[in-house]
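# Architecture and fold: a report
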Amino acid sequence: MNQPGNPRSIAVIGGGLSGLAAAWRLGHAGAAVTLIEKSARTGGAVRSERHDGFLCEAGPNSMLLKSQLAEDFLDELGLTSEIVDASPVANKRFLVKNGRVLPLPMSMGGGITTPLYSPGGKLRLLAEPFIKAAPADQDQSVAGFVTRRMGRQFLDYGIAALVSGIFAGDPEKLSIRYAFPKVWNLEARYGSLIGGAIKLRKERKRSGEVAYKPRMMSFPDGIETLTRRLAATASADIRTDAQPLSLARTDAGWQVGWRDASGEHDRRFDALVVSVPAHVNPGLPWAQEIAAEMAAVPALYYPPVTTLVLGYRREQIEHPLDGFGMLIPLVEKRRVLGAIFSSTIFPGRAPDGHVALMIFIGGATMPDCATPGESGAVSLATGQLTDLLGIHGEPVFTSATHWPLAIPQYNVGHGDFLASLEGLEKRWEGLHFCANYRGGPGLSDCLDSARAIANRILQR
Ligand SMILES: Cc1cc2nc3c(=O)[nH]c(=O)nc-3n(C[C@H](O)[C@H](O)[C@H](O)COP(=O)(O)OP(=O)(O)OC[C@H]3O[C@@H](n4cnc5c(N)ncnc54)[C@H](O)[C@@H]3O)c2cc1C
């Protein structure tokens, strides 16, 4: 039933996690939602398939729940009992330095003894609280920020690799403010990261606020369980293989035309939620005036990424694979970003007696290494990883996915992009953008952003 005051009808363009989550929330609040998805399936970047006993995640392989609201969303979807938490072993992460696979320090003691940083590098890190804060309005790169506050070693053998693990990004270009707002905020608010983290903890203790403890999880059949459940239980009319034909604002609302298997349609909606990648936005069939404004929105860079699932018999790999995975800093000059030890993190990722690795190639720092050819990607990956992990022989299973335009980069200047979108939303009543280029690219971020946008629409 439509609740009083709610928009009666809403069109959602794009059925990835963002569009599905927004459609789900709006539909369950009583709106009549029509979701128009170009491809034959919903889920977008989320795709989990089982082949020969190996669970293959083509895109996201795990979800780091970052808020109670995101966890509550899973509960509303009836997914709580299906959650599989990451093994505690996955708290350990590895980093490659000078061809050696070293554990990342997780404690003060580990930080003192780790061979990842020289004594000079460790002392430089301790000077962090005494480094002057940059002006808060300055949009700095992650590399500039980390080098200034913590020294170059901590960038090269720490943050730079983490950045490639999250954004497949280039720390020289990513914006600290937009890509890692919590870290940026520590400097902007407290003048120091170490001092800020201590003060924040004290403030929380005083106010009784309990910080949400992030939770790394998936489902027995992989992350796609989430998007499948959203699509199956959304109170929405989901049209796949559907092509938007016209998007126009009239005095009566949004006039949306599209074509799908049942023919051509032209309907009026009270609101329009656009959930396609940013590079698709300008090419949507906007009415002339909006098209001109969309064309003026700054473009975002989406680097190519190739992901590989490699399966081996357990005895083929000498490394104990006792962690989340291994990141390879750019300065090591290997042509692979890193490897996730999938079958260590979650059960059921590989048949008995076997292990599964997920390899990432390409990204903003090595776009030319990403390749659509599976055999090329497999030989590149195995060539780069054999000595690091002590691999013997060829993989017994391989599966590759090429993402020509993988993840939006929140680079320096991202604020101009966001401001342009906000301008469009203000000028064109009922228009909303809900996708991973806003509020964070992680799955948990997408759930939170979709909730926030749905609430905004419902409160209008
Ligand atoms: C390789 C890779 C690994 C990742 N790993 C992780 C991870 O481990 N953990 C994590 O939290 N996140 C990860 N992410 C990020 C996360 O998967 C994405 O940010 C998230 O799934 C994006 O959802 P979305 O709905 O915003 O966009 P998308 O998934 O891109 O969905 C957009 C949808 O719009 C549709 N569309 C496009 N054009 C049109 C059109 N003209 N008309 C109608 N529909 C259209 C597309 O078909 C698609 O379904 C990863 C991403 C990639 C690519």
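Residues numbered from 1 in each chain as written. Predicted model: local features only at pLDDT ≥ 70, side-chain atom pairs only at ≥ 80, totals over all residues. Heavy atoms only, no water.

### Points about the sheet that holds strand S2 (residues 32-36)
The strand order across the open sheet formed by 5 strands is S10-S2-S1-S14-S20, and the pairing between neighbours is parallel. Of all strands in the sheet, those with a lone pairing partner are strand S10 (236-239) and strand S20 (431-433), marking the two edges. Looking at each pair of strands side by side, their axes are set apart by 15 degrees on average, direction ignored. (Pairing = 2+ DSSP bridges. Helix = DSSP H or I, 4+ residues; strand = E, 2+ residues; numbered from the N terminus. Axes fitted to C-alpha atoms, helices over the stretch in contact; angles between N-to-C directions.)

### Side note on the sheet that holds strand S11 (residues 243-250)
The strand order across the open sheet formed by 3 strands is S11-S12-S13, and the pairing between neighbours is antiparallel. Either end of the sheet is taken by a strand with one partner, and the two such strands are S11 and strand S13 (263-269). Put simply, the sheet's adjacent strands are angled 15 degrees from each other on average, direction ignored. Pairing geometry for S11 and strand S12 (residues 253-260), over 7 bridges, is antiparallel. Directly across from arginine 249, in S12, lies its bridge partner tryptophan 254.

### Looking at empty space enclosed by the protein
As enumerated under the stated definition, the model contains 1 cavity of 30 Å³ or more in all. Approximately 90 Å³ is the volume attributed to the largest cavity. In terms of lining, the largest cavity is formed by Leu55, Glu57, Asn61, Val309, Ser342, Ile345, Phe346, Arg349 and Met358. Within the residue set of the lining of the largest cavity, elements represented by two or more residues are strand S4 (54-57) and helix H12 (342-345). Along the lines of polarity and charge, the residues of the lining of the largest cavity split into 5 nonpolar, 2 polar and 2 charged. (1 Å grid on protein atoms, 1.4 Å probe; cavity = no way out; pocket = protein on both sides within 12 Å on 5 of 7 lines; lining within 4 Å. Points joined across faces, edges and corners; volume = space filled by probe spheres on them. Nonpolar A, V, L, I, M, F, W, Y, C, P; charged D, E, K, R; others polar.)

### Digging into the environment of arginine 148
Its place among the elements puts arginine 148 in helix H5 (residues 142-150). Residue classification places arginine 148 among the partly exposed positions, given a relative accessible area of 25%. Taking C-alpha positions, arginine 148 is 9.2 Å from lysine 132, a pair spaced 16 residues apart along the chain. Every residue in contact with arginine 148, bar those within four places of it in the chain, is listed here: Arg124, Ile131, Lys132, Ala133, Ala134, Gln140 and Glu187. A polar contact is formed between the side chain of arginine 148 and the side chain of glutamate 187, at a distance of 3.0 Å. (Buried < 20%, exposed > 50% of the residue type's maximum accessible area, 1.4 Å probe, protein only. Contact = heavy atoms within 4.5 Å. Polar contact = N/O pair within 3.5 Å; in protein donor to acceptor, adjacent residues only side chain to side chain.)

### Some thoughts on the domain arrangement of the protein
Interface size is often expressed as the accessible area that is lost when the parts come together. Once the domains are mapped, the protein shows domain 1 (9-44 + 220-299 + 410-459), domain 2 (84-89 + 303-403) and domain 3 (117-207). Using C-alpha coordinates to define each centre, domain 1 is positioned 33 Å away from domain 2. (Domains from an automatic or database assignment.)

### Side note on the environment of threonine 307
Tracing the chain through its elements places threonine 307 in strand S15 (residues 305-313). Relative accessible area serves as the criterion here: at 4%, threonine 307 is assigned to the buried category. For the pair threonine 307 and alanine 370, spaced 63 residues apart in sequence, the C-alpha separation works out to 8.6 Å.

### As for the packing of aromatic side chains
What the rule picks out here adds up to 8 aromatic pairs. For the ring pair phenylalanine 94 and phenylalanine 341, a centre distance of 6.3 Å and an interplane angle of 45 degrees mean the geometry is tilted. Placement of the pair is phenylalanine 94 in strand S7 (residues 94-97) and phenylalanine 341 in the loop between strand S17 (338-340) and H12, with a sequence separation of 247 residues. Under the relative-accessibility criterion, phenylalanine 94 is labelled buried at 4%. Under the relative-accessibility criterion, phenylalanine 341 is labelled buried at 0%. Plain terms: the ring middles of tryptophan 258 and phenylalanine 269 are 6.5 Å apart, the flat faces sit at 45 degrees to each other, and that makes the pair tilted. One end of the pair, tryptophan 258, is in strand S12; the other, phenylalanine 269, is in strand S13, with 11 residues separating them in the sequence. What makes tryptophan 258 buried here is its relative accessible area of 0%. (Phe/Tyr/Trp six-rings, centres within 6.5 Å; stacked < 30°, edge-to-face > 60°.)

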